[in-house]
Amino acid sequence: MNTEKVLSFFREIVCIPRESGHEEHIIAYLQKFAADRNLECKTDEVGNVLILKQASAGYENRPTIALQSHSDMVCEKNAGVEHDFTKDPIRYVIENGWMIAPDTTLGADCGIGIAATLAILDDNSLEHGPLECLFTVSEETGLDGAFALKPDFLKSKILINLDSEDEGQLFVGCAGGVDTTAIFDYKTKKLPSNYVAAKFRIYGAKGGHSGDDINKGRANAVQLLGRFLYEILPYGIELCTIGGGNKRNAIAREASAVIAFAQKNEDEIIAAFNRVIKEISAEYAITDPAVTGSAEPVSLPENAIDAGTASRLIAALNAAPHGVLAMSADIEGLVETSSNLASVKMIDGNKIRIGSSQRSAINSARHFAAQRFEAAFVNAGATVTHESEYPGWKPNLDSRILDISRKSYVKLFGNEPIVRAIHAGLECGLFSDKYPCLDMISFGPTLVGVHAPGEKLDLASLDKFWILLLDVLKEA
């Protein structure tokens, strides 16, 4: 089978702006695609698009299947890269069998799912039952589209989610999640004119998906910056600016702070920074070898954050839980509960916002993880809120679509696929709440580095994914 048609549609998709919350262009593209082919198309009030296709001849009595992808993407780029996600196409290269976006995210999560679905809708020679092709909005920032689905929007009895990232694996469960935000209010203070200032930066970390990559030992630049700042608090430093990380569902790759201090302490502070960077390099030599840091003198700012807020913020960044909190006792190798210290930003003139997310397949464990994060920041004087909570997807090992998919995989490739759950938020958890009788599975090609610059798609795995998807549709 040839996936050129899938890649052809994906090449169109990478030229369409579709950051979470700004999916109007991809929505219009999908609507035009349907209109050009005389396919029935519905769009709900939040922007979820549903394109319907009739069954192939002889397949009219098969159950209706929903093919589901999300239409948004995580927009991340390396520092210093000129790329405007509101208008610039994603730049990619093909190297050694991979499609790679060297300096930005590629958007194969979940653009390749969209492309595969469009290739099926575009080809009248394929064999399948009735199809409902669902494209949801703002999955990456809170599963907003899935939350907004009305109970009568879908008629399908089976749903195939195309948002997985490991070929050869069939996913039948996922973690639920919640976002936790801490806000500090601060006052400014004048700096002594005899102070000096420097910008300290942690960068070069791999980053990655805060669910799927949380157990891979990757450096968190926000956490590491906090570690250094806590180390030099005894020198009476003044915190002028701080920032790092970006999306809640991405591990922070870069973070920086501008610090002012008495010139007499400069050598010791620089030495402390160099020592921390050396320690970090040794600790992450295997799992994140490129993480490093830099220190450079800058002009003395006029103001700094008041000392009380700065010290409490720094202490909270060190106390906040990040990483794997518990492994599953039921499924070997599966992360059960985690927390991601995602970002720290100065906003609105006198506020500092810390973003985070907590995940768990167990509701009570997810709530406790969020409470742990809350406690670290409430005790430091911040206001803490929780939002965008979504449920997990409980595995059903007796699923009919799982049985069909497993048998198809063995028939096509001669070996058993891995059946597993994932420590990430798939929309299937919400679909199971809204459509309790829906039989679901998730699979996809191999993607590496999603939610981070350098994201790449394994083209050989795309071939296998495409063959499997067509056979499952034929057999279901």
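Residues numbered from 1 in each chain as written. Predicted model: local features only at pLDDT ≥ 70, side-chain atom pairs only at ≥ 80, totals over all residues. Heavy atoms only, no water.

### With respect to helix α7 (residues 307–319)
The α-helix advances 3.6 residues per turn, and as a result positions three or four apart in sequence lie on the same side. An ideal rise of 1.5 Å per residue puts 18 Å on 13 residues; α7 measures up with 18 Å between its terminal C-alpha atoms. Within the span of α7, buried status applies to T309, A310, L313, I314, A316 and L317. The arc that holds the buried residues of α7, viewed along the axis, is 165°, so those residues lie on one side. (Helix = DSSP H or I, 4+ residues; strand = E, 2+ residues; numbered from the N terminus. Expected span 1.5 Å × (residues − 1). Buried < 20%, exposed > 50% of the residue type's maximum accessible area, 1.4 Å probe, protein only. Arc of directions from axis to C-beta.)

### Observations regarding the pairing of strand β18 (residues 351–360)
The buried fraction of β18 is high, at eight of ten residues. Note: strand β9 (residues 176–185) against β18, ten bridges, orientation antiparallel. When the bridges of β18 are listed, D185 appears paired with K351. In sequence, strand β17 (residues 335–347) turns back onto β18 through a hairpin of three residues, with D348 there showing a positive phi of about 55°. (Pairing = 2+ DSSP bridges.)

### A word on the packing of aromatic side chains
In total, this model carries eight aromatic pairs according to the counting rule given. Seen from their ring centres, F184 and F377 are 6.1 Å apart, and the 65° between their planes marks the pair as edge-to-face. Remark: F377 occurs in helix α8 (residues 363–378) and F184 occurs in strand β9; sequence separation between them is 193 residues. Exposure class is identical for F184 and F377. Each is buried. Among the aromatic residues, ring-to-ring pairing joins F184, F373 and F377 into one connected group. When the ring centre of Y203 is taken as origin, the NZ or CZ atom of R201, which lies over that ring, is 4.1 Å away. We note K464 situated over the ring of F413; from NZ or CZ to the ring centre the distance is 4.7 Å. (Phe/Tyr/Trp six-rings, centres within 6.5 Å; stacked < 30°, edge-to-face > 60°. Lys NZ or Arg CZ within 6 Å of the ring centre and 35° of its normal.)

### Focus on the sheet that holds strand β5 (residues 98–100)
An order of β4-β5-β23-β22 is seen for the four strands of this open sheet, with the pairing classed as antiparallel. The outermost strands of the open sheet, each flanked by one partner alone, are β4 (93–95) and β22 (447–448). Both β22 and strand β23 (residues 456–458) contribute to a ladder of two bridges, which runs antiparallel. Its bridge partner being in β23, L447 is matched across the sheet by L457. Lying on the sheet, helix α11 (residues 459–475) is in contact with β4, β5 and β23; it crosses β23 at an angle near 60°. (Contact = heavy atoms within 4.5 Å. Axes fitted to C-alpha atoms, helices over the stretch in contact; angles between N-to-C directions.)

### Quick look at the environment of G333
As for its position among the elements, G333 is in the loop between β16 (323–327) and β17. With relative accessibility at 53%, the residue G333 sits in the exposed group. Each C-alpha atom, one on G333 and one on A260, is 45 Å from the other, the two residues being 73 residues apart in sequence. In this structure G333 touches N215 and M327, once residues within four positions along its chain are discounted.

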